[in-house]
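Close look at the chain arrangement
Here is what each chain is made of, one letter per residue.
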Amino acid sequence: MVPVAPPPARPLVIDTDPGIDDALAILLALASPEVDLRLVTTVHGNVELPQTTDNALRVLHLAGRSDVPVAAGAAESLVFPQPERAGHVHGVTGLGGVELPPSPAAVDPRPAVVALAELLLASDEPVTVAAIGPYTNVALLLATYPEAAERIDRLVLMGGSAGRGGNVTAAAEFNVWSDPEAAARVLGSTVPTVLVGLDVTLPTVLGEDGVARFAAAGPVGAAAAAILQQYLDHARTAYGTPGVVVHDALALTEVIVPGTLGTVRRDVVVDTGGGPSRGQTLVDRRSVSDAPTAVDVAETVDGPAAVEFLVDRLAGLAARVG
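None of these values were measured; they are calculated from a predicted model.

**Some remarks on the overall build of the protein**
Each helix and strand counted, the protein has 13 helices and eleven strands in total. Scaling as 2.2 N^0.38, a compact globule of 322 residues should have a C-alpha radius of gyration of about 20 Å, and the protein matches this with 18 Å. Here the C-alpha coordinates of the protein stretch approximately 50 × 45 × 45 Å along the principal axes. Every one of the 322 residues in the protein was classed for burial, and the buried ones make up 56%. In the protein, of all internal contacts separated by at least 6 residues, the share reaching a separation of at least 24 is 82%. If you sum the accessible surface of the protein, you get close to 12600 Å²; carbon and sulfur atoms cover 58% of it. Averaging the locations of the 19 positively and 37 negatively charged side chains of the protein gives two centres separated by 3 Å.

**Here's the deal with the nonpolar core**
Ranked by size, the top nonpolar core spans 64 residues in total, and within it Leu 12, Ile 14, Leu 206, Phe 214, Leu 228 and Leu 252 carry the most contacts. Setting aside chain neighbours within four positions, we find Ile 14 in contact with Ala 25, Ile 26, Ala 29, Leu 37, Leu 39, Val 40, Thr 41, Ala 130, Ile 132 and Leu 252. Residues Val 13, Val 176, Leu 187 and Val 283 belong to the second largest nonpolar core, which totals 36 residues.

**A look at the sheet that holds strand β10 (residues 281-284)**
The strand order across the open sheet formed by nine strands is β3-β2-β1-β4-β5-β6-β11-β9-β10, and the pairing between neighbours is mixed. Here the strands that pair on one side only, and so sit at the sheet edges, are β3 (70-72) and β10. The average angle at which neighbouring strand axes cross in this sheet is 30°, direction not considered. Alignment of strand β9 (residues 262-270) against strand β11 (residues 295-300), held across five bridges, turns out to be antiparallel. Considered in β11, the bridge of Arg 265 is made with Asp 296.

**Section: the packing of helix α12 (residues 247-256) against helix α13 (residues 303-321)**
Running from N to C, α12 and α13 cross one another at 85°; their axes reach a closest spacing of 10 Å. One way to sum up the angle between α12 and α13 is to call them roughly perpendicular. Contacts between α12 and α13 involve Ala 249, Leu 250, Thr 253 and Ile 256 from the former and Ala 306, Phe 309, Leu 310 and Arg 313 from the latter. When grouped by side-chain class, the residues that make up the contact of α12 with α13 number six nonpolar, one polar and one charged.

**Topic: the environment of Ser 66**
Looking at where Ser 66 falls in the secondary structure, it is placed in the loop between α2 (49-62) and β3. Residues within four places of Ser 66 in sequence aside, it is in contact with Leu 60, His 61, Ser 103, Pro 104 and Ala 105. There is a polar contact of 3.1 Å between the side chain of Ser 66 and the side chain of His 61.

Each value, and the rule that gives it
- Residues numbered from 1 in each chain as written.
- Predicted model: local features only at pLDDT ≥ 70, side-chain atom pairs only at ≥ 80, totals over all residues.
- Heavy atoms only, no water.
- Helix = DSSP H or I, 4+ residues; strand = E, 2+ residues; numbered from the N terminus.
- Rg over C-alpha atoms; globule rule 2.2 N^0.38 Å.
- Buried < 20%, exposed > 50% of the residue type's maximum accessible area, 1.4 Å probe, protein only.
- Contact = heavy atoms within 4.5 Å.
- Areas by Shrake-Rupley, 256 points an atom, 1.4 Å probe, with all protein chains shown as cover.
- Lys, Arg positive; Asp, Glu negative; His and termini not counted.
- Charge placed at Lys NZ, Arg CZ, Asp CG, Glu CD.
- Core = buried A, V, L, I, M, F, W, Y, C linked by side-chain atoms within 4.5 Å.
- Pairing = 2+ DSSP bridges.
- Axes fitted to C-alpha atoms, helices over the stretch in contact; angles between N-to-C directions.
- Parallel < 35°, antiparallel > 145°, perpendicular 65-115°, else oblique.
- Nonpolar A, V, L, I, M, F, W, Y, C, P; charged D, E, K, R; others polar.
- Polar contact = N/O pair within 3.5 Å; in protein donor to acceptor, adjacent residues only side chain to side chain.

The structure is reproduced here in structure tokens:
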């Protein structure tokens, strides 16, 4: 038999605010031959923008991929300042108190939106964009470079909740709550969009045994495990659970293997008012939508399989880089 060549890797951009689970998501993308990470753009969110940018550079360097450009984006939300960062979850610097070696690479001098637009317009094939922090950069791209946004093959967003309430308020998930006006613009666009929210991330829990597996595979795995320790400690204290929810890594799993999550096309609006439901994603689950602005909302997941995928890929990356 003639061997069948694997399909070419799909171009990928990650827009992110590292963040512990963001770091795992970046490592997962680098561990996966199905995608070709061509650019990382950073945004305010878990910590301040200069720190998220430095964290992205350090995580890429950890994996031996300092060649991937990093462009810094929005330092604040579109309209109102983000009320609070997430240092109590991710540590003051965002990586669980772990100081990774500094990257030899410099930050791309272009603003994130410019770098993203230029990559989209220059690409010979449509590009997947995974936005796993607040959606401020994506909203700015839609407003300032609509012709570039049309080149997005699929926009995969980590955020929101259809029926599980919020994780930063009773109503709102962190990424949407951080910039509801940006989320409203993005989720109201006609760009093909998948929303990976708390409905599927909360049931997907990485336990200490999984962390131990990639920790033993090499220095990259050991560093990832050390970063996760803050998350594990927070989960024990806040929720009494022995494992952690790795929200952003699940969104990247859907990027890498489309169809991992069960999705349904729904109409989604975002509460941008000033009341207690600000930042809530209002998902109309009464029927399937055929509106051009409808969103593919992730509603079902095989949690154990997704965790096994993450652990296996991170262990493989750690073994190769080590």
